[in-house]
There are 4 protein chains.
Amino acid sequence: MAGKPWSGRFADRTDRRVEAFTESISFDRRLFQQDIRGSIAHARMLQTVGLLTPEECQQIERGLLEIQAEIEAGHFAFVQEREDVHMHIEAALIEKLGDTGRKLHTARSRNDQVVTGLKLWAREALDRVDGALERLQRALVDSARRHREVVLPGYTHLQRAQPVLAAHYFLAYVEKLERDRSRLADCRRRLNVLPLGAAALAGTSLPIDRQAVADALGFDGVAANSLDVSSDRDFAVETVFVLTMIAEHLAGWAEEWILWSTQEFGFLALPDAICTGSSIMPQKKNPDVLELIRGRSARVVGSLTTLLVLIKGLPMAYNRDLQEDKEPLFAAFDTVEACLELAAVVVEGASFRVDRIAERLDEGFLDATTLMEHLIALGVPQRTAHEVIGKLVGQCERRGLKRLADLTDAELAEADPRLGPEARGVLGVANAIRAFRSYGSTAPAEVDAQLARWTSRLHLAEGASPAGG
Amino acid sequence: MAGKPWSGRFADRTDRRVEAFTESISFDRRLFQQDIRGSIAHARMLQTVGLLTPEECQQIERGLLEIQAEIEAGHFAFVQEREDVHMHIEAALIEKLGDTGRKLHTARSRNDQVVTGLKLWAREALDRVDGALERLQRALVDSARRHREVVLPGYTHLQRAQPVLAAHYFLAYVEKLERDRSRLADCRRRLNVLPLGAAALAGTSLPIDRQAVADALGFDGVAANSLDVSSDRDFAVETVFVLTMIAEHLAGWAEEWILWSTQEFGFLALPDAICTGSSIMPQKKNPDVLELIRGRSARVVGSLTTLLVLIKGLPMAYNRDLQEDKEPLFAAFDTVEACLELAAVVVEGASFRVDRIAERLDEGFLDATTLMEHLIALGVPQRTAHEVIGKLVGQCERRGLKRLADLTDAELAEADPRLGPEARGVLGVANAIRAFRSYGSTAPAEVDAQLARWTSRLHLAEGASPAGG
Amino acid sequence: MAGKPWSGRFADRTDRRVEAFTESISFDRRLFQQDIRGSIAHARMLQTVGLLTPEECQQIERGLLEIQAEIEAGHFAFVQEREDVHMHIEAALIEKLGDTGRKLHTARSRNDQVVTGLKLWAREALDRVDGALERLQRALVDSARRHREVVLPGYTHLQRAQPVLAAHYFLAYVEKLERDRSRLADCRRRLNVLPLGAAALAGTSLPIDRQAVADALGFDGVAANSLDVSSDRDFAVETVFVLTMIAEHLAGWAEEWILWSTQEFGFLALPDAICTGSSIMPQKKNPDVLELIRGRSARVVGSLTTLLVLIKGLPMAYNRDLQEDKEPLFAAFDTVEACLELAAVVVEGASFRVDRIAERLDEGFLDATTLMEHLIALGVPQRTAHEVIGKLVGQCERRGLKRLADLTDAELAEADPRLGPEARGVLGVANAIRAFRSYGSTAPAEVDAQLARWTSRLHLAEGASPAGG
Amino acid sequence: MAGKPWSGRFADRTDRRVEAFTESISFDRRLFQQDIRGSIAHARMLQTVGLLTPEECQQIERGLLEIQAEIEAGHFAFVQEREDVHMHIEAALIEKLGDTGRKLHTARSRNDQVVTGLKLWAREALDRVDGALERLQRALVDSARRHREVVLPGYTHLQRAQPVLAAHYFLAYVEKLERDRSRLADCRRRLNVLPLGAAALAGTSLPIDRQAVADALGFDGVAANSLDVSSDRDFAVETVFVLTMIAEHLAGWAEEWILWSTQEFGFLALPDAICTGSSIMPQKKNPDVLELIRGRSARVVGSLTTLLVLIKGLPMAYNRDLQEDKEPLFAAFDTVEACLELAAVVVEGASFRVDRIAERLDEGFLDATTLMEHLIALGVPQRTAHEVIGKLVGQCERRGLKRLADLTDAELAEADPRLGPEARGVLGVANAIRAFRSYGSTAPAEVDAQLARWTSRLHLAEGASPAGG
């Protein structure tokens, strides 16, 4: 029964099929650095409180760093029987140090050890994601500045609605990503509480100093209830939820840009370098990266579902089911990190087909609402004004006129006498854009103010990007 | 084409089947108070900026309050053709006031109006949920105090692991609920940003004052990008996620108490008033409330999934799909509020069957880990100590001894010479409990400290509950 | 303790909050007809085996039919204390008949009674859905026939790929719906097994005849294991899965038609009667029905998730959690039935904007693959031919030529000498379409064959629709 | 631009980050055998219709088999630039054969090629799962026979309800698994339709014979609509749904056996070989395999969610999102296959602790319902009889009597005069079991009949297992 550190009371060997079924080393090995970092902090604390001698502590630390180097160099043998990365590292330490190695697991359990490693890993990964979010925000702000003068049709129900500045459009995604960063920061704060020292579920009778470990590992606090620690996976679920929202934002954006890359919309030109072709159709150039960003949101939602189903109905405290928290967490991070990186590549590489957009900007009566508001400002009740302009649009459609401006002064006045010649001042997309004035609107001054705010907030050099696009 | 406020450009009536399919009045009518509150704030602002006269504003406000009273009294007729609660209220206002009523929808769209109402509703509901969480925390702390002296077997893998104080157990759930409250507070803060004034998607050319509306409605800020507002449902998804985590915590707890109510565990006595019987089996007394709390977590997860699927791949800005945000949000709130209320009823009503628990506390070798730690404190490496005690447990099992204390001094010493007679000082559940000392552990002093912290934090009267249970 | 039919062993009344929390009458009342049908069949069987006299049976049957009439007429009072529709009906029967009514629940439990009613309901609902699927198939086949001559650009990656006949396009959805009908039929067959007589979980000691009940209620068989019956909800989950796949198919189609209704695609004209307008933008005409069909797929996926989370980890046999199966099942049916009905309305009402489609059919090099296949047929290896045509497309793009046919004979021959003048015979969309020949392809003869197959299979009158569209 | 078989029209190389993001070779390489099998069938058909010479076909076949051998031997180099397993194999073939290799991709696209390979793979995997389901059924039937004489408490609401034979219990799971096999067979039938020849989305102008390919590859039919093929992933979703239901059944069973392995229930003894210990608690022996079977159901539900989110709202035909179908499909199969294998290991290895079960069988008034039915058979209305027995149970509880049999004849008669001494004939668990008689019940004769049915159906040797357990 050698080999299992928990086998004292067992009379029979573990079935090989059971070993294969229960192992986690195939996926948790990526926690090796965090495990070693946690163990070093733990060992130093054990020394401080007298459970290790300074020499033992030093040996352990040196041994662990050697093991880390071996893993990094690819010289470390992982075997199924040793279950997980934590057992591997401890077993290797015992091979190196004998009894001194056997002391490392003092006053801790795998339950709290694993969660400590996983939290350290997730904390770093959250920080990487935050960096990637910021990079994508910068790419978007940069695009906003590059396309400052471009006017786009804005859509609701995917029908042309009102004109918007391209810069306004880009900043809308910057806002969404900012909420993602805010959620991420809240999640990180809640996660950043030390579990180590909760031991299996009840704490320990040994005189440990958990605050010292928290300080050494950069945790903001120490978990106050050992049963809670042993049973808690909130941090994993909340983390994956934060990632899910990012994935959803990217999926909506990707959908939009897939549409905009069609022959029919024709708003966007994607460089060859980010497209792929077809094995059968020689003329194809497909926006695969965008499609995969959209599609991979599904994997993140699936990971969240996995975690929510996993923890459902589990009584306290630790249950082995919880081992299954890692793969969905890793999958969600891997997916979102890759999607964020590629999204920035696409935003940086794509350019608007400005002429193509401008060519059809007059379609869709994008100025109708502004004309209605012109009437309202003259005292016409909104509902009445809405109907007046609605009928003018209907008239245009029946007569094949593409623009409200194609109506004569007489026709306008007939619809409502208050629609005098000065009404032309808000007709046409350019005029309509200039007419906006509310905070948060697509009014040029408002957009400039927001652009300045983000430029400063993201520490971008002002005026670095040329106007136009 | 009378009846539809948007029908100016339409030549044909809406198909009745389409009206039935697209209506939301059957479920959004519960937003009527929030809609009216939002409209009053909007009207006052319109007056301030000169788009309504003081008289018009006063008439509108009075009209809206009359409508509110009619709805509250059940005298208001809801009809499918008027689509949603917002159209109903505006149409009723126009019936009352004519042209003045027609002015209310100035400088807003249903897009921003609906989200404003929904955010106001969700904000209130979040506050109710926070209150219910706090009440449940109090019930748990109160139970912790009532059962201060009770020792429970603690479990991992649902196998008896180490002894824990009942108070420690109850506080573990208080911690989980505290994280829920923390998530809720973060979500509320992010939600509490005014959408109104974003209009359809681009803002407005009318001179509105959005900050004034935010102040009037208690929003902490004003949304900075109209396209973002028109397309955003982050607040709904995050809210339902917060509720999902609460539901998951309750489901785990309910599962545990269902187990504890079995004949086999027998830890808990549930009062008749919260149980139900069987239509066929005369002897049955079932913990239905707990089962339904566990089962209803599924509905909340389902609501979250609905929202995540709903928004997946939607381009900007508003799409009609988003109308479907309300039912899952309402369902999640209704479910979680009811579950929280009943959970408190159960916690308050349930009592531990202390004799029954105590009777079998000696089963499961709950003191084995403490004995191992006793050896560690004497300098035995943890892995060695673990094996020594593991073998002693195996020996007990083979010989039919239920407790480590049933071994003789000689047998203990044979296992390891350092296991002298003083080792008996940590044997037995009572001794084991007393031996704990780490922060966050089940050590009596630690648990008392936590109990004091929560008593103060939740403003409970100290010492109000009798010790014991 | 009057009022609860299971209260014999209970000393205290049920808490009102518990009654409100555990009731299901608010949503299971829609099962009243199925419950009564099941009870009548049960009573007749009880008479056959001698557990009821013929008179008692007659009284019960008459009483149940009276109750059904009262419910249908809206004269039946539903009260929370009576929990569910089954208790309501039985209690009303007892009020009418006294002891005779008290005999109805002989040899059955609510567990098997509820599932019997729910299966009867679901079976009818599945049949309605099958009918709705067939109606939608007919509408699609009819559209295929109306648009037999129309050529559409086919897409992959939402990029123009190859030309397809509109009839081919419509039949693709007919195939998808046919798989849905096939899944539905399999599900119905598996569902259609009688649970009644399994009683609570173990069967009964009374001499019932389950086969007779199955025959009376139209079940194909009798469930062979009472524990399985008491714990089984496979039929509900599989039913909702079948509905989910329908919802997914409709969502994909709705997305496509939303795109096709944009100003940019412009393929489809939707009648006013199925569109709605905007409260603020006078010119808008939005494809709300399609958006809601797309959006409501989320609710069905959410219902499936609810059921999958609900049953996760439940031990045998019945647990009260299972009461929560009804609402997601009802929601999924209501949603899918409404979506199918409206989808047929849209398909029947929409018409292709044939001129608009034709105008741009030459864009996107839809004939490139056919030209490549022309080369392959002449012996050029596919990969070589693919590269030759790919380069010709690249050349056209760089020179601003929209069509391969714009290249001269010399240019074609220069690319590959085998590209002689006869290659023009496959250039242009019309020629490309004519060139197809594989089974299942968009070749006109193949499409006609498929159209004939579906016309016959769906019992549509041949040639009823005029060609063209 | 060498290297990409679709690069004819491309001027720039693919970005390395894009290659890394879009590759699928890291997970689709497991399709290599299916891809090669499909390609050989395709090549033979191409020869038959004259698009390849017999020699070319022979070369291709030999080349593909060489490549298969290289991959199997681990000598094949996979590189990211070649995207997927299909491109790898084709490129290797071209390296071997030059122009002849370039002909293989004639009249097919990756779209139909990939789906063909995936369907072949899924079909084999479904057959493996069906075999594993059957093995588990056999293990259960074998356990039913081994424990034929054991009586268990049956549960509803996890409260003791009525007694059931252990054999009846095991057969309940056999029924559930049989429904799984039935669903699987339906799914396999619907899946087993040939996609190859649909080409990209519209079929081909080359004279292929799809029926011949279907025959060669064992497909039951040929897909009738190329657009449908190009966009369809029903088979993947339905397959994962079938697996989800299996996972749910296993999760419920695992939960039950986790409970039964507790100290408190004590029904089951699990061999050491399938348990694991604790790193800190020396006495622990945990049912990890069962916990992981329960927990891994979450991954399968997550995979289903991923697929349902993935396909949501995708227009026709192929979109690159669909590449993401493979990982959830593989994960679901890997998980369910492993869980089924281990479930059989556990069922075979576990034994009931018969004495422990019997010891407490008298608790919970398991005979109360039978006693009630005894009264009903004497003409007492069910509701009255229910109340009579309910009160007797209440009386026992108040007086501390554990069993109804502990009541005197006089006390029984006082409750209802028809409760004469012969009523004792149904009291006690053994009598209660013998009293059952309905079809599908736990009546010994009924259970024997079911056991015989399954023994024969699963081709188990009769009488091979000793009675008892």
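Residues numbered from 1 in each chain as written. Chains lettered and ligands numbered in written order. Predicted model: local features only at pLDDT ≥ 70, side-chain atom pairs only at ≥ 80, totals over all residues. Heavy atoms only, no water.

Considerations on the domain arrangement of chain A
Assigned domains within chain A: domain 1 (16–106), domain 2 (111–359) and domain 3 (368–468). For domain 1 of chain A and domain 3 of chain A, the distance between their C-alpha centres works out to 67 Å. (Domains from an automatic or database assignment.)

What to know about the interface of chain A and chain B
How big an interface is tends to be expressed through the accessible area that disappears when the partners come together. Across the contact, 109 residues belong to chain A and 109 residues belong to chain B. Around 9,100 Å² of area is buried between chain A and chain B when both sides are counted, 57% of it from carbon and sulfur atoms. For the salt bridge of A:R179 with B:D232, the shortest nitrogen-to-oxygen distance reads 3.1 Å. Applying the counting criterion to the chain A and chain B interface returns 56 residue pairs in polar contact (both at pLDDT 80 or more). When grouped by side-chain class, the residues that make up the side of chain A that touches chain B number 43 nonpolar, 36 polar and 30 charged. (Contact = heavy atoms within 4.5 Å. Buried area = accessible area lost by both parts, 1.4 Å probe. Salt bridge = Lys/Arg side-chain N within 4 Å of Asp/Glu carboxyl O. Polar contact = N/O pair within 3.5 Å; in protein donor to acceptor, adjacent residues only side chain to side chain. Nonpolar A, V, L, I, M, F, W, Y, C, P; charged D, E, K, R; others polar.)

Regarding the side chain of A:D180
Counting through the fold element by element, A:D180 comes out in helix α8 (residues 166–191). Residue class for A:D180 comes out buried when judged on its relative accessible area of 0%. (Helix = DSSP H or I, 4+ residues; strand = E, 2+ residues; numbered from the N terminus. Buried < 20%, exposed > 50% of the residue type's maximum accessible area, 1.4 Å probe, protein only.)

With respect to helix α3 (residues 32–48) of chain A
Residue and element names in this part refer to chain A. In this model, α3 (17 residues) spans 24 Å end to end at C-alpha, consistent with the 24 Å of a helix rising 1.5 Å per residue. In terms of burial, α3 is a largely internal element, twelve of the 17 residues being buried. Of the residues making up α3, those classed as buried are F32, Q34, D35, I36, G38, S39, I40, A41, H42, A43, M45 and L46. The inward-facing, buried residues of α3 abut α2 (25–28), α4 (54–72), α5 (85–97), α7 (110–146) and α9 (210–217). Positive backbone phi, at 90°, marks G50, one or two positions downstream of α3. (Expected span 1.5 Å × (residues − 1).)

Points about unusual backbone geometry
Residues and elements named next belong to chain A. Backbone torsion omega between M316 and A317 reads -15°, so that peptide bond is classified as cis. Position of A317 among the secondary structure elements: in the loop between α12 (288–311) and α13 (326–349). Phi at F365 is positive, roughly 55°, even though this residue is not glycine. Structurally, the position occupied by F365 is in the loop between α14 (354–359) and α15 (368–377). According to the relative accessible area criterion, F365 is buried, its value standing at 7%.

Some thoughts on the relation of the copies chain A and chain B
Each copy superposes on the other: chain A lies on chain B with an RMSD of 0.0 Å after a rotation of 180° and an axial shift of 0.0 Å. Taken together, the rotation and translation describe the operation of a two-fold axis. Of every C-alpha in chain A, the one belonging to A:D186 sits nearest the axis of rotation, 3.5 Å from it. (Least-squares fit on C-alpha atoms with pLDDT ≥ 70 in both.)

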